[in-house]
Amino acid sequence: FDAVLASLRREAPEVFEEICLMAVGAGRLTQAECAEILATDTRSLGIRMACHDQAEPDSSSSLIEVGANGIAKLKGTHVTVWEIAREFRKHDSVKTLNEAYGGLTEKELRAALQYAGRNPDEISGQIRDYEARFSNVRTD
């Protein structure tokens, strides 16, 4: 069984994640246990959990594009995924995102959060880079 799980994690990480999130929803795992299994922090897991029930399978792939600079954004906009994820982390609410990004649909916001949840290292790194630049500007 452990070999099957290791293979699933390696060969189909999105399926492995889905199973872990379903286990949280069914009360079989706590969020802390799930975060540990997925090697993420509870804040990133919160983003994943927020999108889990409402997200369409792979909806992020049709609404998100990654530019030549490696930054993911909503197609047809200049709004980056890391900006949406950063705002969500501050308020933990899709309703607040709807208010902050009134020109975007809830489907677009959820696709950005789904992408962020599936790419936590990438998005967290972009947020850290932005915040580091911002703090350097403020201290200069």
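Residues numbered from 1 in each chain as written. Predicted model: local features only at pLDDT ≥ 70, side-chain atom pairs only at ≥ 80, totals over all residues. Heavy atoms only, no water.

Student: Explain the nonpolar core to me, using residue names and the numbers behind them.
Tutor: The biggest cluster of nonpolar side chains holds 21 residues, and the ones touching the most others in it are Val-81, Ile-84 and Ile-123. Of all the secondary structure elements, the ones that give two or more residues to this core are strand E2 (72-74), helix H6 (81-91), helix H7 (94-100), helix H8 (106-118) and helix H9 (120-139). Apart from residues lying up to four places away in sequence, Ile-123 is in contact with Val-81, Trp-82, Ala-85, Tyr-115 and Ala-116. Listed in part, the 9 residues of the second largest apolar core include Leu-21, Val-24, Leu-38 and Leu-45. (Core = buried A, V, L, I, M, F, W, Y, C linked by side-chain atoms within 4.5 Å. Buried < 20%, exposed > 50% of the residue type's maximum accessible area, 1.4 Å probe, protein only. Helix = DSSP H or I, 4+ residues; strand = E, 2+ residues; numbered from the N terminus. Contact = heavy atoms within 4.5 Å.)

Student: Explain the packing of H6 against H8 residue by residue, including any values.
Tutor: Orientation of H6 relative to H8, taken along the N-to-C sense of each, is 90°, at an axis distance of 9 Å. If you check the angle between H6 and H8, you find them roughly perpendicular. Between H6 and H8, the contacting residues are Val-81, Ile-84, Ala-85 and Phe-88 on the first element and Leu-109, Ala-112, Leu-113, Tyr-115 and Ala-116 on the second. (Axes fitted to C-alpha atoms, helices over the stretch in contact; angles between N-to-C directions. Parallel < 35°, antiparallel > 145°, perpendicular 65-115°, else oblique.)

Student: Outline empty space enclosed by the protein, supporting the account with residue identities and numerical values.
Tutor: Counted under the stated rule, the structure contains 1 cavity of 30 Å³ or more. Space inside the largest cavity adds up to approximately 30 Å³. Forming the walls of the largest cavity are Ser-44, Ile-47, Arg-89, Ala-116, Gly-117, Pro-120 and Ile-123. Mapped onto the lining of the largest cavity, the elements with two or more residues apiece are helix H4 (42-52), H8 and H9. The residue inventory of the lining of the largest cavity, partitioned by class, reads 4 nonpolar, 2 polar and 1 charged. (1 Å grid on protein atoms, 1.4 Å probe; cavity = no way out; pocket = protein on both sides within 12 Å on 5 of 7 lines; lining within 4 Å. Points joined across faces, edges and corners; volume = space filled by probe spheres on them. Nonpolar A, V, L, I, M, F, W, Y, C, P; charged D, E, K, R; others polar.)

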